[in-house]
Amino acid sequence: MKDLDTSLFFRIAAPDRTVREGDLLVAQPFLSESYFRHAVITLIDYSPRGGATGVVLNKSVDYRLADVLDGVDPEVDVEVYCGGPLSQDRLYFIHTLGDSIIPGARLYTPGLWVGGDFDTAIEYVNAGYPAEGMIRFFVGYSGWDAGQLESELEEDTWAVMHQGRHQGLIALSGDACWHEAVRGLGPDYRSWRLVPDNLHSN
């Protein structure tokens, strides 16, 4: 049998490469960079002239919030996620709680806020209120200089899911989050779901 470029089977005929704040970036299945393999990124800020920032939603780390932050009740079982390779000495958070519960939070896409009063966020988790699907903490973030993300979109590094369609993904992690995001992209991306996170598992 002749050698074939199997990646051709996973290309999308006319991908939507427009992007704006609040969109999701879904990593194409063969992206191998460790931070972004099967990653789902929520774009918190975007400007064609100023670049973009976001956090990887689905890469949990082997720590709980009390392991990385003073003042958190050790009994509180809240996972921490790796938001990306930049500023890994800082903690970020997104949530569905809104600015009425977390003062100063900024709505950046329907149903999701970023930041706000950090002490109030810690009081929320220390009080034992539900965290899963409500608030997620990240070490580090992902960022692109002006024009960099657009170049990656032209190279089909990412598929774009437009804002307002992905609030439920904050309750998922790992490969389940990526597969759910790919399902949300529609039938054109069905072939992507055939590619496992670990290519050696096939």
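Going by the structure above, here's the rest.
All of these numbers come straight from a predicted model, not from anything done at the bench. (Residues numbered from 1 in each chain as written. Predicted model: local features only at pLDDT ≥ 70, side-chain atom pairs only at ≥ 80, totals over all residues. Heavy atoms only, no water.)

(A) Examining the pairing of strand β9 (residues 135-144) more closely. Across the 10 residues of β9, 8 count as buried, placing the element largely inside the fold. Taken together, the 3 bridges between strand β3 (residues 51-56) and β9 define a ladder with antiparallel strand orientation. The residue bridging G54 from the neighbouring strand is S142, located in β9. One ladder, built from 3 bridges, connects strand β5 (residues 79-82) with β9; its direction is parallel. (Buried < 20%, exposed > 50% of the residue type's maximum accessible area, 1.4 Å probe, protein only. Helix = DSSP H or I, 4+ residues; strand = E, 2+ residues; numbered from the N terminus. Pairing = 2+ DSSP bridges.)

(B) How the structure looks around the environment of R106. Along the chain, R106 falls in strand β7 (residues 106-109). Considering only alpha carbons, one finds R106 and I94, 12 residues apart in sequence, at a separation of 9.3 Å. Discounting chain neighbours no more than four positions away, the residues touching R106 are E21, I44, D45, L112, W113 and V114. Within the structure, R106 has its side chain in polar contact with the side chain of D45 (distance 3.0 Å). (Contact = heavy atoms within 4.5 Å. Polar contact = N/O pair within 3.5 Å; in protein donor to acceptor, adjacent residues only side chain to side chain.)

(C) Geometry of the nonpolar core. Counting 39 residues, the largest nonpolar core has L25, L149 and W158 as the members making the most contacts within it. Put simply, the parts of the chain that give this core at least two residues each are β1 (24-27), β2 (40-47), β3, β8 (112-114), β9, α3 (148-154), β10 (158-161) and α4 (174-185). The contact partners of L25, leaving out residues within four places of it in the chain, are V19, A39, V40, I41, L43, W144, L149, L153, W158, A159 and V160. Judged by nonpolar contacts, the second largest core, of 20 residues, contains L69, V125, A131 and I135. (Core = buried A, V, L, I, M, F, W, Y, C linked by side-chain atoms within 4.5 Å.)

(D) Spatial organisation of unusual backbone geometry. Phi at H38 is positive, roughly 50°, even though this residue is not glycine. Tracing the backbone through its elements, the reader meets H38 in the loop between β1 and β2.

(E) Representation of the environment of V114. By the element assignment, V114 lies in strand β8. Counting along the chain gives 22 residues from V114 to Y92, while the straight-line C-alpha distance between them is 8.2 Å. If we skip the residues at most four places from it in the chain, V114 touches I44, F93, I94, H95, A105, R106 and Y108.

(F) Examining the pattern of salt bridges more closely. Going through the model one piece at a time under the given rule, you end up with 6 salt bridges. D77 is paired through a salt bridge with R64; the nearest N and O atoms lie 2.4 Å apart. Taken together, the residues span a long stretch of sequence, with D77 in the loop between α1 (65-68) and β5 and R64 in strand β4 (residues 60-64) at a distance of 13 residues. For E132, the salt bridge goes to R136, with nearest N and O atoms at 3.2 Å. It is possible to trace a salt-bridge network through shared partners that takes in E21, D45 and R106. (Salt bridge = Lys/Arg side-chain N within 4 Å of Asp/Glu carboxyl O.)

(G) How the structure looks around the pairing of β1. Neither face of β1 is exposed, since L24 and V26 on one face and L25 and A27 on the opposite face are all buried. Across 3 bridges, the pairing between β1 and β2 is antiparallel. Bridging from a neighbouring strand, L25 pairs with I41 of β2. In terms of strand pairing, β1 meets β10 through 4 bridges, oriented antiparallel. Bridge pairing links V26 to A159 in β10.

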